[in-house]
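Report on the structure
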Amino acid sequence: MGRFDGRIAVVTGAARGIGFATAQRFAEEGARVAILDLDESSAAEAAAKLGEGHIGIGCNVSDGPSVDAAVERVVSELGGIHILINNAGVTRDNLLFKMTEEDWDLVMGVHLKGAFLMTKAAQKHFVTQKYGKIVNLSSVSALGNRGQANYSAAKMGIQGFTRTLGIELGPYGVNANAIAPGFIATEMTDATAARVGIPVDEFRAMTAERNPVKRVGFPEDIAAAAAFLCSDEASYITGQTLYVDGGAKLVS
Ligand code: NAI
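Here goes a summary of the coordinates provided. (Residues numbered from 1 in each chain as written. Predicted model: local features only at pLDDT ≥ 70, side-chain atom pairs only at ≥ 80, totals over all residues. Heavy atoms only, no water.)

**Some points on the packing of aromatic side chains**
Here is the rule we go by: Whether two aromatic rings pair depends on their centres lying within 6.5 Å, for rings of Phe, Tyr and Trp, where Trp uses its six-membered ring; planes under 30 degrees apart make the pair stacked, over 60 edge-to-face, and the rest tilted. Only runs of H or I of at least four residues qualify as helices and only runs of E of at least two qualify as strands under DSSP, and these elements are numbered from the N terminus. Whether a residue is buried, partly exposed or exposed follows from its accessible area with a 1.4 Å probe, protein chains only, as a fraction of its type maximum: under 20%, in between, or over 50%, in that order. To sit over a ring, a charge needs its Lys NZ or Arg CZ within 6 Å of the ring centre and within 35 degrees of the ring normal.
Summed over all chains, the structure comprises two aromatic pairs. Plain terms: the ring middles of phenylalanine 4 and phenylalanine 26 are 4.7 Å apart, the flat faces sit at 55° to each other, and that makes the pair tilted. Of the two residues, phenylalanine 4 sits in the segment before strand S1 (8-12) while phenylalanine 26 sits in helix H1 (residues 17-28), which places them 22 residues apart along the sequence. For phenylalanine 4, a relative accessible area of 2% corresponds to the buried category. A residue is classified by how much of its surface remains accessible, and phenylalanine 26, at 0% relative accessible area, is buried. Across from the ring centre of phenylalanine 20, 5.5 Å away, lies the NZ or CZ of lysine 49, which sits over that ring. Directly above the aromatic system of tyrosine 243 lies the positively charged group of lysine 249, at a separation of 4.4 Å from the ring centroid.

This is how it looks when you write it as structure tokens:
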């Protein structure tokens, strides 16, 4: 028996990276999964890799009508919604004096407004059925990171948003928590390596060397934490941010 038998999970930005690994973990543990991502065919391709009974939906999480339509499709095609992972993300790094208004708005729009719109659309189902699990992706960058004024503000905003969800939705059987990953080897961090002009392997090795557990993180590390926080064993945990970073926060 899987921990998520009979459950329906939505993972945003899950065509690749942390989102895909999380979708895979929920599927392995019995859930039917909806993968939401910008491009419908990439989302559908990723869903097909999970096997039968999962779906991929094209959705821009920063657009209200797109979010509402996607959540309604999940409910009509899979028969409900029990778990929401707000994972979709982008970076537009630059030092403050070079950061454009567009780069600020895009990052806020995907991370913060995206989590707000998705959660608002899902919570009406959660509240009615008196059951729901929400995990929002924050980051160690929430604590401040050179070149990421937009991203760190959004990721700390996610932590405040999560605490408030814990307070407002707790009485309705809904748990909301955040995960703040440290360095996770994905295309997002590979792009950072390219931006600073360091080969990917070298960049990962340098990061591992600075980390207390002497390795980088992998998408599966985050998927495991998300699965725990969405399990019924974790029903007394809400409004929290769990740092999954190999101890990076302790030494930064
Ligand atoms: P990634 O760049 O590999 O994947 C992000 C996915 O989000 C992509 O499939 C992309 O198409 C999708 N996406 C972007 N904008 C979207 C939108 N408006 N609507 C729907 N989907 C959209 O990123 P990765 O590394 O897997 O990160 C996942 C989450 O984890 C992000 O929220 C990121 O900020 C967070 N995170 C990642 C860390 C890392 O080291 N990789 C560290 C800390 C947090």
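**So, the pairing of strand S5 (residues 132-137)**
Convention followed: DSSP bridges decide pairing: two strands pair if at least two such bridges lie between them. Call a crossover right-handed when, viewed with both strands pointing away from you, the route from the first strand across the helix to the second goes clockwise.
Within S5, six of the six residues are buried, which leaves the element mostly enclosed by the surrounding structure. Side chains Gly132, Ile134 and Asn136 of S5 all project onto a buried face; the interleaved residues Lys133, Val135 and Leu137 project onto the opposite face, where all are buried too. As paired elements, strand S4 (residues 83-86) and S5 share four bridges and run parallel to each other. Residue asparagine 86 lies in a different strand from S5, and its bridge partner there is asparagine 136. A crossover links S4 with its parallel partner S5, the connecting element being helix H4 (residues 101-129), and its sense is right-handed. The handedness of the S5 to strand S6 (residues 174-181) crossover, carried by helix H5 (residues 149-169), is right-handed.

**Regarding the pattern of salt bridges**
It is possible for side chains of opposite charge to pair when their charged atoms get near one another. The test is simple: By convention in these notes, a salt bridge is any Lys or Arg side-chain nitrogen within 4 Å of a carboxyl oxygen on Asp or Glu.
Within this structure, the stated rule accounts for 13 salt bridges. Between arginine 3 and glutamate 233 there is a salt bridge, with the nearest N and O atoms lying 3.4 Å from each other. Here glutamate 233 lies in the loop between helix H8 (219-229) and strand S7 (241-244) and arginine 3 lies in the segment before S1, a separation of 230 residues in the sequence. The exposed category is assigned to glutamate 233, whose relative accessible area is 62%. Put simply, lysine 133 and aspartate 232 hold a salt bridge, and the shortest N to O gap is 3.7 Å. Of this pair, lysine 133 sits in strand S5 while aspartate 232 sits in the loop between H8 and S7; the two residues are 99 residues apart in sequence, bridging distant segments of the chain. Under the relative-accessibility criterion, lysine 133 is labelled buried at 2%. Aspartate 232 gets classed as partly exposed once you look at its relative accessible area, which sits at 42%.

**Here's the deal with the site of the ligand**
Heads up, the condition is: When at least one non-hydrogen atom of a residue lies within 4 Å of a molecule or strand, that residue is treated as near it. Polar contacts, as counted here, are pairs of nitrogen or oxygen atoms within 3.5 Å of one another; within protein the pair requires one atom able to donate a hydrogen and one able to accept it, and residues that are adjacent in sequence qualify only if both atoms are side-chain atoms. With residues, only the protein chains shown are counted as cover, and all accessible areas are computed by Shrake-Rupley using a 1.4 Å probe. Think of it as three bins: nonpolar holds Ala, Val, Leu, Ile, Met, Phe, Trp, Tyr, Cys and Pro, charged holds Asp, Glu, Lys and Arg, and polar takes everything else, Gly as well.
Lining the immediate environment of the ligand, one finds 27 residues, of which Arg16, Asp37, Asn87, Tyr151 and Thr186 sit closest. Asparagine 87 places a main-chain nitrogen or oxygen 2.8 Å from an oxygen atom of the ligand. Measuring from an oxygen atom of the ligand, one finds a backbone N or O atom of isoleucine 184 at 2.8 Å. Protein contact buries 93% of the 840 Å² of open area that the ligand shows by itself. The set of elements that each furnish at least two residues to the shell around the ligand consists of H1, H4, H5 and helix H6 (187-196). Each residue belonging to the shell around the ligand can be placed in one class, and the counts come to 13 nonpolar, eleven polar and three charged.

These values are about where atoms sit, not about what they do.
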